[in-house]
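# Overview (structure and organization)
Each chain is listed here by its residues.
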Amino acid sequence: AFFGVEPGMTVAEALPGGGWYSKILLAYLGDEGTLIGAHYPDDLWGKFGFGDEWTASRIEGTANWPTQAAEWGVEGAAIASTYLTAMPEDASDQVDAVLFIRALHNLNRFTDEESPYMSDTLAETFR
């Protein structure tokens, strides 16, 4: 199994970005599987301090991810998108695995009470 993932599963990929792992996962999950892109919340991007243009490009990338991912994958594969801090209520009954390949590293920068992104993300993932 690939990261404990098997074809036909429903998998949430944290911070899928440009799709390096997404492309592999879509082909591996096949047309019976589902890939959910789980993104940073839009308000987090500005906290990195890389400027408004960079922030806007990340927010746009999140919004466009489902369309972009559909171009990478398997015909008929199910693709969805959500935010790490606001997983769908029924996710615990439907998602078989959540992959955090790079996302936790950056979330660790924002762990105080004003920016509880790490704790919110982990709470949403493990409920």
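Residues numbered from 1 in each chain as written. Predicted model: local features only at pLDDT ≥ 70, side-chain atom pairs only at ≥ 80, totals over all residues. Heavy atoms only, no water.

### Describing helix H3 (residues 52–72)
Formally: Secondary structure elements follow DSSP: runs of H or I of four or more residues count as helices, runs of E of two or more count as strands, with numbering from the N terminus. Expected helix span is given by 1.5 Å per residue-to-residue step, counting one fewer step than there are residues. Bend, in this description, refers to the angle at a residue between axes fitted to the seven residues ending there and the seven starting there. Remark: exposure states derive from per-residue accessible area (1.4 Å probe, protein chains only) relative to the maximum for the residue type, with buried under 20%, exposed over 50%, and partly exposed in between. In what follows, residue pairs with any heavy atoms lying within 4.5 Å of each other are defined as contacts.
Taking 1.5 Å as the rise per residue, H3 with 21 residues should run 30 Å; its terminal C-alpha atoms sit 28 Å apart, in good agreement. Along H3, the helix axis deviates most sharply at Trp-65, where the bend reaches about 55°; the proline Pro-66 sits within four residues downstream. Regarding H3, the residues found buried are Thr-55, Thr-62, Trp-65 and Ala-69. Next to the buried residues of H3 lie helix H1 (20–29), strand E2 (34–39), helix H2 (42–45) and strand E3 (78–83).

### Some points on the packing of H1 against H3
Under the convention used in this document: For every element, the axis is a line fit to its C-alpha atoms; helices are fit only across the contacting stretch, and the angle between N-to-C directions ranges from 0 to 180 degrees. Here the angle decides the label: under 35 degrees means roughly parallel, over 145 means roughly antiparallel, 65 to 115 means roughly perpendicular, and every other value means oblique. Handedness of a helix crossing follows the sense of rotation of the near helix relative to the far helix, less than a right angle counterclockwise being left-handed and clockwise being right-handed. In the scheme used here, Gly and all other residues not listed as nonpolar or charged are polar, with Ala, Val, Leu, Ile, Met, Phe, Trp, Tyr, Cys and Pro taken as nonpolar and Asp, Glu, Lys and Arg as charged.
It is the contact of H1 with H3, at a shortest axis distance of 9 Å, that shows an interaxial angle of 55°. The angle between the axes of H1 and H3 places the two elements in the oblique class. The interaxial crossing formed by H1 with H3 has right-handed handedness. Residues Ser-22, Lys-23 and Leu-26 of H1 form the contact with H3, whose own contacting residues are Trp-65, Ala-69 and Trp-72. Here the contact of H1 with H3 is composed, by residue class, of four nonpolar, one polar and one charged.

### What to know about the nonpolar core
Looking at soluble globular proteins, one finds that nonpolar side chains tend to be buried together. What counts is decided by this rule: In these notes, a set of buried Ala, Val, Leu, Ile, Met, Phe, Trp, Tyr and Cys residues joined through side-chain atoms within 4.5 Å is what counts as a nonpolar core.
Counting 18 residues, the largest nonpolar core has Tyr-40, Leu-44, Phe-48, Leu-84, Ala-103 and Leu-107 as the members making the most contacts within it. Breaking this core down by element, the ones donating at least two residues are strand E1 (10–14), E2, H2, helix H5 (103–107) and helix H6 (117–125). Those residues within four positions of Phe-48 in sequence are excluded, and the remaining contacts are Tyr-40, Trp-54, Asn-106, Arg-109 and Phe-110. In terms of nonpolar packing, the next biggest core, distinct from the first, is built from twelve residues, Val-5, Leu-29, Leu-35 and Leu-99 among them.

### A few points about the pairing of E1
Heads up, the condition is: The pairing criterion is simple: DSSP has to find at least two bridges between the two strands. Here the term right-handed applies to a crossover when the path leading from its first strand over the helix to its second strand runs clockwise, the strands being oriented away from the viewer.
Summarising burial for E1: five of the five residues are buried, a large majority. Alternating positions in E1 separate into two faces, Thr-10, Ala-12 and Ala-14 on one and Val-11 and Glu-13 on the other, with burial throughout. Alignment of E1 against E2, held across five bridges, turns out to be parallel. In the strand pairing of E2, Thr-10 is matched with Thr-34. Of the crossover connections in this fold, the one passing from E1 over H1 to the parallel E2 is right-handed. Bridge count for E1 against strand E4 (residues 97–99) is three bridges, and the pairing is parallel. Its bridge partner lying in E4, Ala-12 is registered against Val-98.

In short, geometric facts, not functional conclusions.
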